[in-house]
Each structure stands twice: as C-alpha cells, then as structure tokens.
Amino acid sequence: MSGKAESWGSRVGLILAMAGNAVGLGNFLRFPVQAVENGGGAFIIPYLVCFVVMGIPLLFIEWSTGRYGGRYGNHSTPYILDTMAKGRIWKYIGVFGIFTNIAVASYYCYIESWTMSYVYHSVRGTFSTMNQAEIAGFFNDYTTIGKSTTGIPYEAIVFYILCLLLNTFILSKGLKGIERVAKIGIPLLLVFGAILAIRGLTLGTDGASDLFPDANAWDGLNFLWTPQYDSLANPKVWLAAAGQIFFTLSVGMGTIHCYAAYLKSKDDVALNAVSAGFMNEFVEVVLGSLIVIPIAAGYLGLDWVLQNAGFGMAFQTMPYLFQQWGETLAIFAGIFWFGLLFFAGITSSLAMGTPWMGFMRDEFNWSGKKGAWSFGLIALIMGLPTVFFFQQGVFDEYDYWAGTVSLVVFAFLETVLFSWIFGIKKGWAEINMGADIKVPIFFKYLILVVTPLLLGWVLVASLPDMA
Ligand code: PHE
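This is a predicted model, so every value here is computed, not measured.

Cut-offs and rules
- Residues numbered from 1 in each chain as written.
- Predicted model: local features only at pLDDT ≥ 70, side-chain atom pairs only at ≥ 80, totals over all residues.
- Helix = DSSP H or I, 4+ residues; strand = E, 2+ residues; numbered from the N terminus.
- Rg over C-alpha atoms; globule rule 2.2 N^0.38 Å.
- Buried ≥ 20, exposed ≤ 12 C-beta atoms within 10 Å, placed from the backbone.
- Contact = placed C-beta atoms within 7 Å.
- pLDDT = per-residue confidence, 0-100.
- Axes fitted to C-alpha atoms, helices over the stretch in contact; angles between N-to-C directions.
- Parallel < 35°, antiparallel > 145°, perpendicular 65-115°, else oblique.
- Left-handed = near helix turned anticlockwise from the far one by under 90°.
- Nonpolar A, V, L, I, M, F, W, Y, C, P; charged D, E, K, R; others polar.
- Expected span 1.5 Å × (residues − 1).

**Q** It is not clear to me how the overall build of the protein should be interpreted in this structure. Could you clarify?
**A** Scanning the protein from N- to C-terminus turns up 20 helices and 0 strands. What you see for the protein is a C-alpha radius of gyration of 22 Å, in line with the 23 Å of a compact globule of 467 residues. Across its three principal axes, the protein shows a C-alpha extent of roughly 65 × 50 × 45 Å. Per-residue burial for the protein yields a buried fraction of 55% across its 467 residues. By sequence separation, contacts in the protein at least 24 residues apart represent 84% of the contacts at least 6 residues apart.

This is the structure in structure tokens:
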C-alpha cells in the first residue's frame, strides 16, 4: 500500500473518464452484432432487464467498493477487495480481474489499432477507388499477417505496436493524461456519432440505394426494436445480453473500482455511477443502433445484414457504403466513423491498463511509468496471438472467455462479497454516503437478492453452452 497522491481533477473530468471507460468499441461494434445474432427484438428485452437488475446495481457496487478501498490507500482490485473481507481468496479474485483486463486489452487494442489505420487510409483516400470486393479484400489482407498488399508491410503489426505505444505513453502521464483524452475524445465522438446517425436515419425508404432498390434503413431499426418474446426462455440469449451489459458498462473485471479508488471519501458515487451508466446506454442504444445497422440495411437490405452481421461489417462494408455519398463526403465519413471508433476505443483501453498499474503500485510500489510500460509489454505479448491468428478465430475465443464468461463470474463473486460478506447494511451505507441523489430502496433488495440470484442463474444455465 502506498499513499494516495493523485485524485481526479474535476467532476466533469471524472464523469467523462468513466463514461469513456464504458463507451467503447463494444457500443458500436459488439452491440449491433450481438443484437442481430440473438434475434434483434428478442435480444432487447433481456438486454434492458439486465441493465436495470444487474447493470445499475453493479455500477453502485463497483463505484462504492472502489471508493471504499481507495480510502485505505489502495489502487487495485486485489487490494480493494482485500479491505472488504478477511481471507486471501478475495485478493486472488481481484487478481483474476486483472488478468481479465489484460486479456481483454490485448485483443481490444488490436481492433483499436485497425481504427487508427483506417483513419489513416480514409485521409489518404485509399478506399475511394475500390469496389466492395476490394475493400473487403483489403481487410482480409490487412488481418492476414505476411500479406503486404495494403500499403505498409506488416501493417497490422505496425499499427498494433503504435497503438500500444500511444496507450502506454498516455497511461504513463497518470490520471491527468486519461482525463485529457476523455475531455477531447468523448465530445468529438458524440459529434461524429450524431452526424452519422442522422445520415443513417435519413436514408429512409426513398430507394437511397442504387445498390439494392428495395433496401430500407428502417427495416434494420424495426428488426432491432420490435420486441419478440419467444426466446426469453433461452439462457443463451440471457448470457449474451448479460455479457453485453457487463462488457459495455465495463463491469465485472475491476476496472471501475480502480478509477473510483481515486475519489475522495465524501465524493458522491450514486449520481456519478448512474450518470456514467446512462450516458453509456444512450451512446449504445441510440448511436450504436443508428449507424451500422440502418446504413447497411438502407443500402444492402435487411437480409444482407442478417447474413453478414459480424465484426467485419464496420471495416469491410462501411467504407464502401460511404462512397455512395460522393468522394469528398466519403473521406469525411470515413474519418468520422473510424475516428469515433478510435476515441471510443482508446478511452476504454486506457481504463483497462489501470488495474495492473494500480496492482504494481500497491504490491511493489512501482511508479506509474514503470506500471504503464510493463502493461504495454504484457498486452503486446498476449495480443500477438490475436494479431497472428485473427483469421483462425483466436479473437472470438478471447472475446468469449475473457469478454463474456469471466465478467459474469467476477460480477457474481463481487456481488456476494458486497451483499453477504461485507454486508448489505454497510454496503448500502457506502452507496449512500455523500450521495447527490436518493437511491430508491428497491436497489437495496436487488443488490441483496435479485442481482446475485440472476447472475448465478445466468452462469449455471449457460454452462452447457460453455462446454
Ligand atoms: N466498455 C468498453 C466497451 O464497451 C469495454 C471495456 C470493458 C472497457 C472493460 C473497460 C473495461 O467497449
């Protein structure tokens, strides 16, 4: 343990950093794909239910747990959890959270590095002379190490290293660096997102598309937003919904604890947690729904979207669809879209570095610089398999185990710790201490009973799918 030297510069900075932590690639790339793959409107109900009964409670738990641990001079999940209960097991569970952060960071930064490269190529107009097959081929070449048809030899590796260097550099500047990036990145992201979403919405039914005259952007939105009840009993959909809520809110791996540890003792957690959470949901369900799916459905039709929903859509299809807007606008659209993804990504990947850095500080008294560089190095080593074997599906394995299952496991354990071991009485007092809003008492019972039961059920019920 070492003394607490740093704290957040301002409330705006804190909220933007926390919102930046939550708002990420998940909002724009993962959410639409999860929604489409799990039946559109059939996904939305479990998703919203999970937000209320698990997401918000977990935000309260993680923010207050972090501030509590920070009060004792801790900066990392193992040490923070250790202050809440006797028994070393909780410390190890905190370490498990750190592993999750690093594992997610290593594949996450890989995608973040694509966004950097795609901004670069948008500026250069690389895509403007390509047809759809060529743009798709560009992505395949890019992600196949050893092919050098994209302009820079070993481009994926070059940008991956650049991206990690950038993250490491910012992290080495401490909270100030993180706050500054969030203050610039989040407003820009909102502006870029709003422009693209308006374009998505106004594609409408007017046959905007010469590509496919029957295409209709609203078909995409209707598919996403018309509730369907038939798959509510399917645990797989619930695991996917819970996994998405956790991933998008950045809960279930200890990241929020580490940001919240830098709060002052009397700082509010309740309103802050809810504000950051709602801001994330706004960006996810509004902006996240209004860009890729309607634009793709508007030009290529809903059937195409259903058959091709996947990660590549953002990189393989969007640059081509932007071309329909004319050469200059296409360049701007590319910069907006990949720039938006970049800011979403970097404000999240910075957050994933802090648990490791905090742990090195708590355990070995390492400086922020040393912590940041060691994080960059580990992420590089762990990320290389996703870079080299992306085409073989390694990436999806990382995302399933680190980005879905681990989050639910950790969330279940921390809820049990908070409600039953630390004790709901103390826990509830922590949530309400210094609170700028009155948290409805209903959340106390959710946190005590419903959240842990539901988490346990999601885990047990989805075990057969994990095998
Ligand atoms: N919430 C981020 C996203 O939606 C991902 C993330 C997960 C960030 C965990 C930090 C910690 O992309």
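And the narrative resumes.
**Q** What am I meant to see in the environment of Glu6 here?
**A** Assignment of secondary structure puts Glu6 in the segment before α1 (11-22). Aside from chain neighbours lying at most four places away, what touches Glu6 is Gly174, Leu175 and Tyr262.

**Q** In this structure, what is going on with unusual backbone geometry? I would like to understand it.
**A** Note on backbone geometry: most residues besides glycine have negative phi, and most peptide bonds are trans. You will see that Tyr154, though not glycine, has its phi angle at about 50°, which is positive. Structurally, Tyr154 is set in the loop between α6 (132-142) and α7 (155-172). A positive phi is found at Ser250, a non-glycine position, where the angle reads about 60°. Assignment of secondary structure puts Ser250 in the loop between α10 (235-249) and α11 (255-260). Here Ser250 falls in the buried class, since 30 other C-beta atoms lie within 10 Å of it.

**Q** Looking at this model, I keep getting lost on the confidence of the model for the protein. Mind explaining?
**A** When pLDDT is low, close inspection of the predicted coordinates is not appropriate. Averaged over all residues, the pLDDT of the protein is 92; the fraction at 70 or higher stands at 97%. As a predicted assembly, this complex carries a pTM of 0.94 together with an ipTM value of 0.98.

**Q** Teacher, can you tell me more about helix α15 (residues 313-322) here?
**A** Given 3.6 residues per turn, any residue in an α-helix points the same way as the ones three and four places further on. Counting buried residues in α15 gives 9 out of 10 residues, a clear majority hidden from the surface. Burial in α15 covers these residues: Met313, Ala314, Phe315, Thr317, Met318, Pro319, Tyr320, Leu321 and Phe322. For α15, the secondary structure elements touched by its buried residues are α2 (25-37), α5 (89-124), α6, α13 (292-300), α14 (302-308) and α16 (327-364).

**Q** Before we go on, may I ask you to explain the packing of α5 against α16 in this structure?
**A** Two quantities define a packed helix pair, namely the angle between the axes and the distance from one axis to the other. Where α5 meets α16, the axes come as close as 8 Å, and the angle between the chain directions of the two elements is 155°. Taken together, the axes of α5 and α16 are roughly antiparallel relative to one another. Note that α5 runs across α16; the crossing there is left-handed. Its residues placed into classes, the contact of α5 with α16 shows 21 nonpolar, 10 polar and 1 charged.

**Q** Hey, could you run me through α5 in this one?
**A** The terminal C-alpha atoms of α5 lie 53 Å apart, and with 36 residues this matches the ideal 52 Å at 1.5 Å per residue to within 8%. Downstream of α5 by a residue or two, Gly125 has a phi angle that is positive, lying close to 75°.

**Q** Whenever I open this one, the environment of Gly200 confuses me. Can you help?
**A** Looking at where Gly200 falls in the secondary structure, it is placed in helix α8 (residues 175-203). When the C-alpha positions of Gly200 and Ile291 are compared, they lie 5.6 Å apart, and in sequence the two are 91 residues distant. Not counting residues within four places of it along the chain, the set of residues in contact with Gly200 comprises Ala217, Leu290, Ile291, Pro294 and Ile295.

**Q** Whenever I open this one, the packing of α16 against helix α17 (residues 368-388) confuses me. Can you help?
**A** Closest axis-to-axis distance for the α16/α17 pair is 9 Å, and the angle between their directions is 130°. On the basis of the axis angle, α16 is oblique to α17. Our pair here, α16 against α17, has a crossing hand that is right-handed. Seen from α16, the contacting residues are Gly353, Trp356, Met357, Met360 and Arg361; seen from α17, they are Gly368, Lys370, Gly371, Ala372, Ser374 and Phe375. Among the residues making up the contact of α16 with α17, the classes are represented as 5 nonpolar, 4 polar and 2 charged.

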